[in-house]
Each structure stands twice: as structure tokens, then as C-alpha cells.
Amino acid sequence: MLPRGIKQEAEKVLLDYYGAPAGIEGSSTLGGGSINAAFRVETTEEDVFLKCNDVHSYPDMFEKESAGLSLMRKTRTVYVPEVIGTGKTHSHSFIIMEFIHSGMRKDSFWDDFGKNLAAMHGHSSKMFGLDHDNYMGSLVQSNNRHQNWYDFFILQRLEPQVRLARNSGYLNQGHIDQFQRLYKELINIIPEEKPALVHGDLYSGNYLITDSGTPCILDPATAYNHREVDIAMSTLFGLFDDRFYSSYNEESPMHPGWEQRIDIYNLYPLLVHVNLFGMAYLSSVERITRKFSQG
Ligand code: ADP
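Draft legend 1. Seen up close, the site of the ligand. Neighbouring the ligand are 16 residues; Gly31, Asn36, Lys51, Ile100 and Asp219 lie closest to it. A distance of 2.9 Å separates an oxygen atom of the ligand from a polar atom in the backbone of Ile35. In this structure, a nitrogen atom belonging to the ligand sits 2.8 Å away from a main-chain N or O atom of Ile100. Computed on the free molecule, the ligand has an accessible area of 550 Å², of which 90% lies beneath the protein chains in the complex. Taken together, the elements giving at least two residues each to the shell around the ligand come down to strand 3 (47–54) and strand 5 (92–98). Of the residues in the shell around the ligand, the class split is eight nonpolar, five polar and three charged.

If you want it as C-alpha cells, here you go:
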């Protein structure tokens with residue numbers, strides 16, 4: 001059941017979007033989300049998807065999600081659900097979007113996914129970052145802009161998470177020293193690229209297969225970043241098919257050796273996992289910093 005008060009506020013959002021009253025007739029809970037409560041909501045117009053959370057803990061989370069989804073959707077590359085609107089009650093904030101009916105992968109699913117993601121990454125900006133901060137999972141992701149990717153990655157991605165992990169006691173001075181050494185190595189490891197519009201949290205839980213068998217991406221942590229961050233994240237939890245990578249590379253080849261660089265980019269989501277879920281992810285962080293800091 002939808003939390004109290006959401007029905008009324010959601011119907012206002014639906015009215016704005018459809019230009020006519022769209023009454024909510026029922027709802028069912030969906031599993032699978034890590035942070036928010038998710039629902040399939042039946043309306044007199046069509047079924048929609050609604051996610052909600054505590055308005056006090058994450059006051060602007062869904063406005064940020066909406067902005068990220070819209071930015072990606074505008075590229076008309078990988079399919080992204082249309083946002084219907086966002087709203088608030090005294091206790092909850094929520095987002096309503098197009099409901100994606102799931103289907104079976106069509107044969108070209110992975111080829112389409114790779115090719116279309118490469119096309120999305122072709123959308124560039126003058127600087128790395130974004131005009132607003134957003135969220136990675138439930139942690140604030142700072143997107144202050146930088147001309148230079150190395151500064152962006154260190155100052156806006158790794159350092160805020162390193163600081164948080166240090167303050168929580170997960171990282172000690174030895175870890176910090178290794179990170180400092182790794183920062184100096186980055187320029188020798190990561191090839192320069194122009195800023196690319198990335199999803200930012202592209203693991204296997206953040207795509208769906210639509211009822212026409214095509215990929216649909218969700219739940220982004222969008223920014224203009226090095227495009228290889230999405231490729232790296234796609235290998236982190238659950239595998240994407242090899243055809244995804246070959247099709248991506250056919251469309252827009254990565255510099256040779258991309259497989260060896262994956263670990264570097266994944267330091268960021270791994271640190272986020274340390275900060276959100278604790279020590280279990282620390283050994284992966286240590287393995288990577290050791291490997292690349294030569295310490
Ligand atoms: P969270 O923000 O908590 O991680 P998700 O966005 O992953 O939540 O969504 C929770 C569940 O709802 C997942 O099982 C996901 O596959 C499903 N889902 C997400 N967006 C849609 C959508 N637009 N249509 C249908 N199902 C969706």
C-alpha cells in the first residue's frame with residue numbers, strides 16, 4: 001500500500017502531466033530496490049511507477065533523479081523512462097515515472113545496449129561535472145566542475161568518500177597514503193577523454209529489459225565524466241554480456257587496455273559501498289590501491 005498522504009499528492013502530479021484527472025485505483029509493492037519503497041500504481045490513465053522515501057533524510061533525491069533521467073532521455077540513445085513528476089507529503093518525497101513492462105531480451109539486446117551507450121557517451125560538455133550535485137545510492141555525489149578529469153575524479157569522486165570512510169574508521173593513515181600515491185599515478189594510467197554524459201551507476205540492477213526486448217536504464221548518478229566509468233561499473237556486480245563491450249568498442253573504440261583500467265574507476269563505487277554497507281567491501285579497495293600505488 002502507498003504510504004499515507006501520497007495518493008492525494010500523486011494525483012496532483014498526474015493531473016499536471018495528463019492534463020486531466022487520473023485517479024489512483026490501486027497499487028502493488030515492487031521488490032528489488034535498495035533504498036526506496038517502489039510501487040506499481042494503477043491509474044485511470046495507465047499503470048505508472050512510483051518510488052518514495054523519507055522526505056527528511058533525502059529531501060531532494062527525486063528531483064535529482066528526475067534531472068538525471070531527463071538528461072539521458074533527451075539524448076534518445078539508450079531508452080530511459082519518461083518522468084511524470086515528483087512531489088512531497090509531510091513525511092515522504094516521491095517520483096512518478098513511466099512503468100516499464102518487462103520482457104525477454106531480443107537477440108540484438110547487448111549489441112543495441114553497447115552501441116546506444118556509446119552514442120549517449122558521445123554527448124559532451126565543456127567540463128567534467130554537472131550543474132548540480134546528485135546522489136550515488138543514498139550518498140550525496142558532488143559534481144563541482146573541473147576542466148581536467150584527474151582533478152574531477154580525485155576531488156569530486158574519491159576524496160569525499162575517502163574522507164567519509166576515514167571519519168567512520170574504515171580507512172587508516174596507511175590507506176590514505178596509498179590513495180595519495182595512486183592519485184599521482186592516475187595521469188599515467190588513464191587516457192585523456194572529453195567529458196561524456198554517463199549514467200554513473202550502471203550495474204546490472206540498474207537496467208531493465210522492456211517488453212520489446214530492448215534495454216532501459218534507471219536510477220542514475222549522472223554527470224559528465226570519463227566514459228569508461230560506466231564500462232567499469234558494468235563489470236562490478238553481475239556481468240554484462242561480451243557482446244555489450246564489443247558493440248560499444250565497434251561504435252566508439254576505447255583506448256587499448258581498458259580492461260586493466262576498470263579497477264581504478266570502480267574504486268569510487270566500492271568506496272561508496274564501504275561507506276554505505278561497511279567493511280565487507282574494504283578488501284577490494286585495498287587490493288586496488290595496493291596494485292596501483294605500488295606501495
Ligand atoms: P532504488 O532507488 O531503491 O534502488 P530502483 O529504482 O532500483 O529502486 O527500483 C526498485 C524496483 O523497481 C526494481 O526492482 C526496479 O527494477 C523496478 N523499477 C524501477 N523503475 C521502474 C520502472 N520505471 N518501471 C517498472 N519497474 C521499475
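Draft legend 2. Structural context of the pattern of salt bridges. Enumeration according to the criterion identifies 15 salt bridges in this entry. Arg73 is the salt-bridge partner of Glu82, the closest N and O atoms lying 3.4 Å from each other. Under the relative-accessibility criterion, Arg73 is labelled partly exposed at 29%. The partner of Arg287 in a salt bridge is Asp263, with the nearest N and O atoms 3.1 Å apart. In this pair, Arg287 sits in helix 9 (residues 282–293) while Asp263 sits in helix 8 (residues 258–277), placing the two residues 24 residues apart along the sequence. On the accessibility criterion, Arg287 (40% relative accessible area) is partly exposed. Taking the relative accessible area as the measure of exposure, Asp263 reaches 15% and is therefore buried. Taken together, the salt bridges that share partners define one network made up of Lys51, Glu65 and Asp219.

Draft legend 3. Structural context of the packing of helix 5 (residues 173–189) against helix 8. Between helix 5 and helix 8, whose axes approach to 11 Å, the crossing angle comes to 140 degrees. The angle between the axes of helix 5 and helix 8 places the two elements in the oblique class. The two elements helix 5 and helix 8 cross, and the hand of that crossing is left-handed. Residues Phe179, Leu182, Leu186 and Ile189 of helix 5 lie in contact with helix 8, whose contacting residues are Arg261, Ile264, Leu267 and Leu271.

Draft legend 4. Representation of the packing of aromatic side chains in the model. Scanning all chains against the criterion turns up 25 aromatic pairs. On the numbers, 6.3 Å between centres and 80 degrees between planes, the contact of Trp110 with Phe244 is edge-to-face. In this pair, Trp110 is assigned in helix 3 (residues 109–121) and Phe244 in helix 7 (residues 242–251), connecting sequence segments 134 residues apart. Look at Trp110 and you get buried, because its relative accessible area is 6%. A ring pair is formed by Phe153 and Tyr265, whose centres lie 6.4 Å apart and whose planes are at 65 degrees; its orientation type is edge-to-face. Here Phe153, found in helix 4 (residues 149–167), pairs with Tyr265, found in helix 8; they are 112 residues apart in sequence, far enough to count as distant. The exposure classification of Phe153 matches that of Tyr265, with both residues buried. Joined through ring pairs, the aromatic side chains of Phe109, Trp110, Phe113, Tyr207, Phe240, Phe244, Tyr245 and Trp258 make up one cluster. Its guanidinium or amino end placed over the ring of Tyr268, Arg157 lies 5.4 Å from that ring's centre, counting from NZ or CZ.

Draft legend 5. Fine view of the pairing of strand 4 (residues 83–88). Both strand 4 and strand 5 contribute to a ladder of five bridges, which runs antiparallel. Considered in strand 5, the bridge of Gly87 is made with Phe94. In this antiparallel pair of consecutive strands, strand 4 and strand 5, the connection spans three residues.

Cut-off values and rules
Residues numbered from 1 in each chain as written. Predicted model: local features only at pLDDT ≥ 70, side-chain atom pairs only at ≥ 80, totals over all residues. Heavy atoms only, no water. Near = heavy atom within 4 Å. Polar contact = N/O pair within 3.5 Å; in protein donor to acceptor, adjacent residues only side chain to side chain. Areas by Shrake-Rupley, 256 points an atom, 1.4 Å probe, with all protein chains shown as cover. Helix = DSSP H or I, 4+ residues; strand = E, 2+ residues; numbered from the N terminus. Nonpolar A, V, L, I, M, F, W, Y, C, P; charged D, E, K, R; others polar. Salt bridge = Lys/Arg side-chain N within 4 Å of Asp/Glu carboxyl O. Buried < 20%, exposed > 50% of the residue type's maximum accessible area, 1.4 Å probe, protein only. Axes fitted to C-alpha atoms, helices over the stretch in contact; angles between N-to-C directions. Parallel < 35°, antiparallel > 145°, perpendicular 65-115°, else oblique. Left-handed = near helix turned anticlockwise from the far one by under 90°. Contact = heavy atoms within 4.5 Å. Phe/Tyr/Trp six-rings, centres within 6.5 Å; stacked < 30°, edge-to-face > 60°. Lys NZ or Arg CZ within 6 Å of the ring centre and 35° of its normal. Pairing = 2+ DSSP bridges.

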